[in-house]
Amino acid sequence: MKGILLGAAVGYVLGARAGRERYDQIVRAYRALVDHPAVQGAAGIVRAKVSEKTGFGKPRQAANADGHRRDPVIPRA
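The text that follows walks through the structure, step by step, so that each part is easy to find. (Residues numbered from 1 in each chain as written. Predicted model: local features only at pLDDT ≥ 70, side-chain atom pairs only at ≥ 80, totals over all residues. Heavy atoms only, no water.)

With that out of the way, let us pick up the overall build of the protein chain. Helix and strand counts for the protein chain stand at two helices and zero strands. For the protein chain, the proportion of its 77 residues judged to be buried stands at 3%. Total accessible area on the protein chain stands at roughly 7,700 Å², and carbon and sulfur atoms take up 61% of it. (Helix = DSSP H or I, 4+ residues; strand = E, 2+ residues; numbered from the N terminus. Buried < 20%, exposed > 50% of the residue type's maximum accessible area, 1.4 Å probe, protein only. Areas by Shrake-Rupley, 256 points an atom, 1.4 Å probe, with all protein chains shown as cover.)

This is the structure:
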């Protein structure tokens with residue numbers, strides 16, 4: 001138990017020393033990576049493949065050939 005508390009205390013002190021500058025540096029690096037055109041292109045390809053395989057993200061048909069929606073019938077108990 002004492003080891004866990006000591007580890008948490010050391011981590012807190014080292015993290016506090018790194019401070020806001022390090023946090024901002026990490027956020028800037030993350031945003032630069034995410035906003036990179038190659039990453040955006042790869043994400044678009046992945047989204048398209050997932051949509052193709054799962055049907056998730058495709059527009060739903062609002063009506064059948066007769067113009068009526070097909071709602072499921074829920075039997076009453």
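Bringing helix α1 (residues 2-34) into the picture now. One full turn of an α-helix is made of 3.6 residues, so residues set three or four places apart face in the same direction. The terminal C-alpha atoms of α1, which comprises 33 residues, lie only 40 Å apart, well short of the 48 Å expected from a rise of 1.5 Å per residue. Within α1, the axis deviates most sharply at Gly19, by approximately 80 degrees. (Expected span 1.5 Å × (residues − 1). Bend = angle between axes of the 7 residues up to and from the residue.)

If you check helix α2 (residues 37-54), its first and last C-alpha atoms are 26 Å apart, about what 18 residues at 1.5 Å a residue would give, namely 26 Å. Gly55 sits one or two residues past α2 and shows a positive phi near 80 degrees.

Let us look at a nonpolar patch on the surface. A cluster of nonpolar residues, Leu6, Val10 and Leu14, forms a patch on the protein surface that exposes about 290 Å² of accessible area. Along the chain, Val10 falls in helix α1. Accessibility expressed as a relative area gives 41% for Val10, which makes it partly exposed. (Patch = residues over 30% accessible without salt bridge, like charges linked within 9 Å, V, L, I, M, F, W, Y side chains within 5 Å. Salt bridge = Lys/Arg side-chain N within 4 Å of Asp/Glu carboxyl O.)

The values reported here are purely geometric and, on their own, carry no functional implication.
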